[in-house]
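Notes for the structure review
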Amino acid sequence: MQISELLAVKRLHLRFLTGAEHAHRTVRWFYTTDLLEPARYLRGGEFILTGMMWRTRPEDSETFVSSIASAGAVALGAGTALSDIPPDLVEACRAHDIPLVEVPSETSFGAVTEEVLRALTQHRFTTISETRDRHRRVMAEVAAGADFSEAFAGAATQAGITSWVISSTGRRVASSSAPLSPDAAEWLAAKALTWPTFPRTVRLPGGDGAVVTVLPVQTKEAHPLATWLLVCAGDQGAWTEEEHESVAELVSVAVLARSRREERALTDARHLEGLPRLLAAQRFDEAGALMSGLGPDEDFAERGRVVVRAVMMPEPRIPDLTRRVLTELVADWPGAVVTGDTDSLAVVPVPDGVDARRGGEEIRARLVRRARVLEGGLLDYRIALGLSSAAHGVSELRGAAVEARHARRLAELRGGRSRVIAGAEIDSHELLLASVPEEVQSSYRERLLGPLIAYDRDHRSELVSTLEQFLEHSGSWQRCAAAMHVHVNTLRYRIGRVEELTGRDLSSLEHRVDLFLALKLRD
């Protein structure tokens, strides 16, 4: 209730002595005290009632008023049953901008308290009713397919909660006000992947260091790598009960919206699950019919599409996790579709008005940034992504899918928790290595390097590292020996042992290439 509502109750006979201009202030609770410094018992928003028993000298008024003002009290009611209100108390309230209300001797503090409780209880029931009606309406709208960002913004604004919904990669999903900066959203998303429990209250880095509280949007199939987060301004410890309920309702709306999007993504994935097979068999008419939801072929030819392949290592124990993570990674581009499970494929439209080459570079840069945000949650996994050049027309998708697969294989070889490789980057022996089946790579690597690795293990020698240095220095005895800080004769002895164990002649360019490729497969 507002202070003005309390003073409007005629039977209480209350009147302002100072601060009438703050009659609109909201009273959250009341507190009766005769302590000289009661600040530690206050939480803010209280209407303080006092009989002034704490006053033994004029200076005490300043001490008392500064204490309640520092704690966030909204007003002071002074009873005159024992004495008149002294001028020093009026001046102290005026100095600290605290409205001072006279409680006459005929009005008991109990009567004031009763009126405050009655008003707060009535307000509480009214608020609950309005909140529940609003919540049911918003849930119905989202369930019926209304735009979630608009529905969320309206609900959060009506509840008076400044809040945002972001994804696990820091992508903006919805907001009640100006969106979080990309850096702040990505920082929160990355941090959230390391937090064991929620809700979590943190201070944003940089700027004004705003305090926010983060809650997970937990759907049935939720996984931290592919979920949403609700971010609310303020510290949850200072929220009122009504604010806690409003936030819980915003979470439930976001959960419903997230569930609907997951259902649509799964439906699309199942619809397109035959696409890789049709492309490999060059059955382009059938592939085009399957992809009719992506738009007419004319639009396809003009804008182009980039194929993205993704794999998580080791294979996730959670069904469909790779597809869900890839779906989140490409969610920035309207019209992007994803299919597949452990080896997922996405077809991503080049942004409108952007040429194919620059569009492909933009998609790659965004994927790199999004994947890096996820690295804090990739403790048990690695994720490798490969991108093709832009394909124009369904017939070009087959080559794009093959190029993306080779790029993804190279991303696997290069390591790191997340790695994104574009087909345009593959212009060396790495393209050949990436296209070779894993079992062939393993066999080749073992045949050439196995004897050296076993020898080093048994004799505590350094034949493998010596071979790497020798090839890195293009077979120069002097430069290699100097870089390794050994005598040339020591180097010649070691290389001789390498040749004996591998059956290769390191004076031969062909044999050097064989061993060089084997070492690359070992990286």
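Everything quoted here is computed from the prediction, not taken from an experiment. Position labels on residues start from 1 in each chain and follow its written sequence. Only residues with pLDDT of at least 70 get local features here, since the model is predicted, and only at 80 or more are side-chain atom pairs given and counted; chain-wide, interface and lining totals rely on the full set of residues. Excluding hydrogens and water, the side-chain figures rest on all heavy atoms present in the structure.

**Examining the sheet that holds strand β10 (residues 228–233)**
Strand order in the open sheet formed by five strands is β7-β6-β10-β9-β8, with antiparallel pairing between adjacent strands. Pairing within the sheet leaves two strands with one partner each, and these edge strands are β7 (172–175) and β8 (200–203). The mean angle between the axes of side-by-side strands here comes to 25°, regardless of whether they run parallel or antiparallel. Where strand β6 (residues 163–167) lies against β7, three bridges are found, and the strand directions are antiparallel. We call two strands paired when DSSP finds no fewer than two bridges between them. Going along the chain from the N terminus, every DSSP run of H or I of four or more residues is numbered as a helix, and every run of E of two or more is numbered as a strand. To get an axis, fit a line to the C-alpha atoms, keeping to the stretch in contact for a helix; angles then go from 0 to 180 degrees between the N-to-C directions.

**Side note on the packing of aromatic side chains**
Only the six-membered ring of Trp is used, alongside the rings of Phe and Tyr, when aromatic pairs are assigned; centres must lie within 6.5 Å, and planes under 30 degrees apart are stacked while those over 60 apart are edge-to-face, with the rest tilted. This structure, assessed with the given rule, holds six aromatic pairs. Consider the rings of tryptophan 29 and phenylalanine 30, whose centres lie 5.2 Å apart with planes at 25°: the pair is stacked. Relative accessible area decides the class of each residue, using a 1.4 Å probe on protein chains only: under 20% of the type maximum gives buried, over 50% gives exposed, and in between gives partly exposed. Taking the relative accessible area as the measure of exposure, tryptophan 29 reaches 45% and is therefore partly exposed. Each ring, one from phenylalanine 148 and one from phenylalanine 152, has its centre 5.7 Å from the other, and the planes form 50°; the classification is tilted. Residue phenylalanine 148 and its partner phenylalanine 152 are both found in helix α5 (residues 148–159); the two are separated by four residues, about one turn of the helix. With a relative accessible area of 0%, phenylalanine 152 lands in the buried category. Pairwise contacts between aromatic rings join Phe148, Phe152 and Trp228 into one cluster. The ring of tryptophan 477 has arginine 492 sitting right over it, with the charged end atom 4.4 Å from the ring centre. Lysine NZ or arginine CZ positioned within 6 Å of the ring centre and within 35 degrees of the ring normal marks a charge as sitting over the ring.

**Concerning the pattern of salt bridges**
The salt bridge definition used is simple: a Lys or Arg side-chain nitrogen within 4 Å of an Asp or Glu carboxyl oxygen. This structure, assessed with the given rule, holds 21 salt bridges. The partner of arginine 55 in a salt bridge is aspartate 88, with the nearest N and O atoms 2.7 Å apart. Of the two residues, arginine 55 is situated in the loop between β3 (46–50) and α2 (59–70) and aspartate 88 in helix α3 (residues 87–95); the sequence distance between them amounts to 33 residues. Of the charged contacts, one joins arginine 408 and glutamate 412 as a salt bridge, the two residues approaching to 3.1 Å between their closest N and O atoms. Remark: glutamate 412 and arginine 408 occur in helix α13 (residues 397–414); sequence separation between them is four residues, near one turn of the helix. A residue is classified by how much of its surface remains accessible, and arginine 408, at 7% relative accessible area, is buried. Look at glutamate 412 and you get partly exposed, because its relative accessible area is 24%. Salt bridges here are not isolated pairs; linked through shared partners, they connect Asp183, Glu186, Asp332, Arg366, Arg369 and Arg370.

**Side note on unusual backbone geometry**
Only a minority of non-glycine residues have a phi that is not negative, and only a minority of peptide bonds are not trans. The omega angle of the peptide bond from phenylalanine 198 to proline 199 is -5°, so this bond is cis rather than trans. Within the element layout of this structure, proline 199 appears in the loop between α6 (182–192) and β8. That bond from methionine 313 to proline 314 is cis: its omega, -5°, falls within 30 degrees of zero. On the secondary structure map, proline 314 appears in the loop between β11 (305–313) and α11 (321–329). A positive phi is found at arginine 460, a non-glycine position, where the angle reads about 50°. Looking at the secondary structure, you find arginine 460 in the loop between α15 (438–459) and α16 (463–472).

**Comments concerning the sheet that holds strand β5 (residues 100–103)**
Taken together, five strands build an open sheet; the order of strands is β1-β5-β4-β3-β2 and the sheet is mixed. Two strands lie at the open edges of the sheet, namely β1 (15–18) and β2 (29–32), each paired on one side alone. The mean inter-strand angle of the sheet, taken between neighbouring strand axes irrespective of direction, is 30°. One ladder, built from four bridges, connects β3 with strand β4 (residues 75–79); its direction is parallel.

**Topic: the nonpolar core**
Within this scheme, the nonpolar core is defined by two criteria: the residues are buried Ala, Val, Leu, Ile, Met, Phe, Trp, Tyr or Cys, and they are joined through side-chain atoms within 4.5 Å. Judged by nonpolar contacts, the single largest core of 30 residues is most densely connected at Val308, Val325 and Leu367. If you list the elements that add at least two residues to this core, you get β11, α11, β13 (343–349), α12 (356–374), β14 (382–387) and β15 (418–422). The dominant element in this core, judged by the number of residues it contributes, is α12, at five residues. Those residues in contact with valine 308 that sit more than four places away from it in its chain are Leu326, Ser344, Leu345, Ala346, Val348, Leu367, Leu385, Gly386 and Leu387. Grouped together as the second largest cluster of nonpolar side chains are 23 residues, Val142, Phe148, Val173 and Ala254 included. Two residues form a contact once any of their heavy atoms are found within 4.5 Å.

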